[in-house]
Amino acid sequence: MYVVKSPLSDTDLKIVSEALQGALVDLVDLSLVAKQVHWNVIGPRFRSIHLQLDEVVDSARLHSDTVAERASALGVPPDGRAATVAQGSGIGAVPQGWVKDTDAVGTLVSALGAVIARMRERVLATAAPDPVSQDIFIGITADLEKHHWMFQAENG
């Protein structure tokens, strides 16, 4: 069986692989949370929030693929299985059933905030061991912070 060999030292690879796996879990869960809220949002701002939620889903899915492929490029098999995501996500529980538009916005502000905080930790953790992965985390964080800002502005 072919195994991809990383150019990183074992010590650096351990740090970077944990950061990549954690980011993958958070991004997969963020896409699921946003889609769950997307299906259940109700209220006067339904349409605009419904569409805005899909933008988050698209971003999270795109970034999760980038993160998973970076892990693979370093010889680390990414794990996006449901059980792994449920066990390792930093996002809190999402309300069941219909979600009022203002509550939907609050849920996304909270979820994005949690992922951003963890992503910023990964930016710091990967600075020395792998600036390439750090650059990926910086780009993802910037994109998520844009979504975070826009959702915060929704509820004023």
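What counts, and at which threshold
- Residues numbered from 1 in each chain as written.
- Predicted model: local features only at pLDDT ≥ 70, side-chain atom pairs only at ≥ 80, totals over all residues.
- Heavy atoms only, no water.
- Helix = DSSP H or I, 4+ residues; strand = E, 2+ residues; numbered from the N terminus.
- Buried < 20%, exposed > 50% of the residue type's maximum accessible area, 1.4 Å probe, protein only.
- Contact = heavy atoms within 4.5 Å.
- Areas by Shrake-Rupley, 256 points an atom, 1.4 Å probe, with all protein chains shown as cover.
- Lys, Arg positive; Asp, Glu negative; His and termini not counted.
- Charge placed at Lys NZ, Arg CZ, Asp CG, Glu CD.
- Expected span 1.5 Å × (residues − 1).
- Core = buried A, V, L, I, M, F, W, Y, C linked by side-chain atoms within 4.5 Å.
- Axes fitted to C-alpha atoms, helices over the stretch in contact; angles between N-to-C directions.
- Parallel < 35°, antiparallel > 145°, perpendicular 65-115°, else oblique.
- Nonpolar A, V, L, I, M, F, W, Y, C, P; charged D, E, K, R; others polar.
- pLDDT = per-residue confidence, 0-100.

Within the protein chain, the secondary structure is distributed over five helices and two strands. Counting helices and strands in the order they occur from the N terminus, the protein chain gives α-β-α-α-β-α-α. Overall, the C-alpha framework of the protein chain stretches about 55 × 30 × 20 Å when taken along its three principal axes. Among the 156 residues that make up the protein chain, the fraction classed as buried is 45%. Residue pairs at least 24 apart in sequence account for 83% of intrachain contacts in the protein chain once pairs closer than 6 positions are excluded. With an accessible surface of roughly 8200 Å², the protein chain has 58% of that area assigned to carbon and sulfur atoms. Each charge class in the protein chain can be summarised by its mean position, and for the 13 positive and 19 negative side chains these summaries are 3 Å apart.

Let us look at the side chain of Q52. The residue Q52 is located in helix 2 (residues 46–73) in this model. Judged by relative accessible area, Q52 falls into the buried class, the value being 9%. Every residue in contact with Q52, bar those within four places of it in the chain, is listed here: M150, F151 and E154.

End to end, helix 2 covers 41 Å across 28 residues, agreeing with the expected 40 Å (1.5 Å per residue, within 8%). Once helix 2 ends, the next one or two residues include G75, with phi positive near 85°.

Let us look at the nonpolar core. If you look at the biggest cluster of nonpolar residues, it comprises 41 residues, and the most contacted ones within it are L30, L53, V67, L108, L112, M119 and L144. Among the secondary structure elements, those contributing two or more residues to this core are helix 1 (10–40), helix 2, helix 4 (101–125) and helix 5 (131–155). A per-element tally of this core places helix 1 first, with 12 residues.

What follows concerns the packing of helix 1 against helix 4. Relative to each other, helix 1 and helix 4 sit at 170°, their axes nearing to 10 Å. Our classification of the angle between helix 1 and helix 4 gives roughly antiparallel. Taking contact as the criterion, the partners of I15, A19, G22, A23, D26, L27, L30, V33, A34 and V37 in helix 1 are, on helix 4, A104, T107, L108, A111, L112, V115, R118, M119, R122 and A125. Across the contact of helix 1 with helix 4, the residue classes break down as 15 nonpolar, two polar and three charged.

With that settled, consider the confidence of the model for the protein chain. Averaged over every residue, the pLDDT of the protein chain is 96; residues scoring 70 or more account for 99%. Of all helices and strands in the protein chain, the one with the weakest mean pLDDT is helix 3 (residues 82–88) (96), whereas strand 1 (residues 41–42) scores best (98).

Before going further, it helps to spend a moment on the side chain of T107. By secondary structure assignment, the location of T107 is in helix 4. Residue T107 is classed as buried on the basis of its relative accessible area, which comes to 15%. The contact partners of T107, leaving out residues within four places of it in the chain, are V33, V37, V94 and P95.

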